Structures are given as C-alpha cells and as structure tokens.
Amino acid sequence: TIEGVAASEPGARLRDAFVARGAVQCGFCTPGLMVQASHLIEREQARDETEIRRGIEGNLCRCTGYRKIIEAIAAAAADAATQGAGHGDR
Ligand code: FES
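Fair warning: this is a prediction, and the values are worked out from it, not measured in the lab.

(A) Structural view of the overall build of the protein. For the protein, the count of helices and strands is five helices and zero strands. Its C-alpha atoms give the protein principal-axis dimensions of about 30 × 25 × 20 Å. Residues counted as buried form 36% of the 90 residues belonging to the protein. With the model as given, the accessible surface of the protein reaches about 5,300 Å², and the carbon-plus-sulfur share is 50%. Seen as two clouds, the 11 positive and the 12 negative side-chain charges of the protein have centres 5 Å apart.

(B) Fine view of the packing of helix H2 (residues 9-20) against helix H3 (residues 30-42). Between H2 and H3, the shortest axis-to-axis distance is 10 Å and the interhelical angle comes to 125°. By the angle between their directions, the pair H2 and H3 is classed as oblique. Two packed elements cross with a definite hand, and for H2 against H3 that hand is right-handed. Here Gly11, Leu14, Arg15 and Phe18 of H2 lie close against H3, whose contacting residues are Thr30, Leu33, Met34, Ala37, Ser38 and Ile41. Across the contact of H2 with H3, the residue classes break down as six nonpolar, three polar and one charged.

(C) Main features of the packing of H2 against helix H5 (residues 67-83). Running from N to C, H2 and H5 point in directions that differ by 145°, and their axes come no closer than 8 Å. Judged by the twist between their axes, the crossing of H2 over H5 is right-handed. In this structure, H2 contributes Arg13, Leu14, Ala17 and Phe18 to the contact, and H5 contributes Ile69, Ala72, Ile73, Ala76, Asp79, Ala80 and Gln83. Of the residues in the contact of H2 with H5, the class split is eight nonpolar, one polar and two charged.

(D) Local environment of the environment of Cys63. Within the secondary structure, Cys63 sits in the loop between helix H4 (49-55) and H5. Take Cys63: its relative accessible area is 33%, and that puts it in the partly exposed class. A sequence separation of 37 residues divides Cys63 from Cys26, and the C-alpha atoms of the two residues are 7.0 Å apart. Dropping the residues within four chain positions of it, Cys63 is found in contact with Gln25 and Cys26.

(E) Quick look at unusual backbone geometry. If you check the backbone angles, Glu44 has positive phi at about 55° while not being a glycine. Inspection of the secondary structure assignment puts Glu44 in the loop between H3 and H4. Its identity as a non-glycine residue notwithstanding, Tyr66 has a phi of 75°, on the positive side. Its place among the elements puts Tyr66 in the loop between H4 and H5.

The rules behind these values
- Residues numbered from 1 in each chain as written.
- Predicted model: local features only at pLDDT ≥ 70, side-chain atom pairs only at ≥ 80, totals over all residues.
- Heavy atoms only, no water.
- Helix = DSSP H or I, 4+ residues; strand = E, 2+ residues; numbered from the N terminus.
- Buried < 20%, exposed > 50% of the residue type's maximum accessible area, 1.4 Å probe, protein only.
- Areas by Shrake-Rupley, 256 points an atom, 1.4 Å probe, with all protein chains shown as cover.
- Lys, Arg positive; Asp, Glu negative; His and termini not counted.
- Charge placed at Lys NZ, Arg CZ, Asp CG, Glu CD.
- Axes fitted to C-alpha atoms, helices over the stretch in contact; angles between N-to-C directions.
- Parallel < 35°, antiparallel > 145°, perpendicular 65-115°, else oblique.
- Left-handed = near helix turned anticlockwise from the far one by under 90°.
- Contact = heavy atoms within 4.5 Å.
- Nonpolar A, V, L, I, M, F, W, Y, C, P; charged D, E, K, R; others polar.

Structure follows, in structure tokens:
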C-alpha cells in the first residue's frame, strides 16, 4: 500500500524524488505510481528508461506526460542502488 511505501526509507526517498522533479501535479495517479515504482526499484527492474516505461505502463497519468515521473523513478532507483536497497530477483 502507499502507506507502507511512505513509511519506509526508500519510499521517503522516492517521494522526495517525485517532489523535487515536479512529478506530482494533481496527484491522482501518484499513490499507484509510487507503489509500482517502489516495487520496480526493490526488484531492480528500474535500471533504465525502457525498464521504467515498461514497468509503469499500466499506470495512467493525465497531467505530467511521464517525463518527470520517469526521471524521478530513475533518480530514486540510482539512489537505492548506491544505498544497496534493492533485493535482487527474489
Ligand atoms: Fe495528475 Fe498524474 S499527476 S494524473
């Protein structure tokens, strides 16, 4: 759930990345995108733009055009990789 993601340290970094890059406009899609992004990052499936686009293809956003969302997820994934927050292919 978004509550579970928000309560975690990686989730907080993901939230901060969304805010810093303007990936939130109306916010309607944000909880679903953050849950999905958290899942992708945890499974190390957000290593590049292609993986991120594929990973969020079921999440619709009508405000941002996805560019800022993808940048935010990529930044959070890079941060997680340096923190060792990924859990491989479990
Ligand atoms: Fe409005 Fe995504 S920010 S639908």
